Amino acid sequence: MRKYYLFIVRNDFYEVYKDNSFVLYKTLENLWKIKKSDFSYGLSLYDALCQTFDVDILNRYFRGKYHNRIMSEKNRHVIVNKQKKYYVLIELHYSCTIVLTNINMPNVLRDFNYYNRRIFVCDFVNEDFFWLNNQYQNKKAVA
């Protein structure tokens, strides 16, 4: 099971962190673990590093592209492929998008790469992270 958190990194920080993604991962991990008492600091740090997703555009896109394989409810979409035995749950938020799946690289990640080339992906539970655009220079997605 993989739970990916997708963040759009601002262009100036992308240039700084594209070759030093571990530091960016640790910063976002600290934001993920932040205490309520430090929330205002975390929010200002997030605003400096990241930009928001356009949830309305993404909702329309996923409903259109996956209309025959999707169950949607507000900003949540479930894509199921019974033949290939995989599922993908997409939760769209303005601050980040969460992709929960039973496979490593679902095709929906390619869709996000088309949406924005500066998406940084974190799996905090498995301590994994990568730039989404780097994944498609070398490998193909599954499903």
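Refer to the structure above for everything that follows.
Please read these numbers as outputs of a predicted model, since none were measured by experiment.

A. Region of the structure containing the pattern of salt bridges. Applying the stated criterion across every chain, the model contains seven salt bridges. Across the salt bridge formed by Lys 33 and Glu 29, the nearest N and O atoms sit 3.6 Å from each other. The exposed category is assigned to Lys 33, whose relative accessible area is 53%. Counted as one network, the salt bridges with shared partners bring together Arg 2, Asp 123 and Asp 128.

B. Representation of the nonpolar core. Counting residues in each nonpolar core, the largest one holds 25 residues, and the members touching the most others are Leu 6, Phe 62, Val 108 and Phe 112. At the level of elements, β1 (2-9), α4 (55-65), β5 (86-92), α5 (108-115), β7 (119-123) and α6 (132-138) are the ones that each hand at least two residues to this core. Once residues within four sequence positions are removed from consideration, Phe 112 is found in contact with Leu 6, Phe 53, Leu 58, Phe 62, Ile 90, Leu 92, Thr 97, Val 99, Ile 119 and Leu 132. Within the second largest apolar cluster, 18 residues are counted, among which are Val 9, Tyr 14, Tyr 25 and Tyr 46.

Definitions and limits used
- Residues numbered from 1 in each chain as written.
- Predicted model: local features only at pLDDT ≥ 70, side-chain atom pairs only at ≥ 80, totals over all residues.
- Heavy atoms only, no water.
- Salt bridge = Lys/Arg side-chain N within 4 Å of Asp/Glu carboxyl O.
- Buried < 20%, exposed > 50% of the residue type's maximum accessible area, 1.4 Å probe, protein only.
- Core = buried A, V, L, I, M, F, W, Y, C linked by side-chain atoms within 4.5 Å.
- Helix = DSSP H or I, 4+ residues; strand = E, 2+ residues; numbered from the N terminus.
- Contact = heavy atoms within 4.5 Å.

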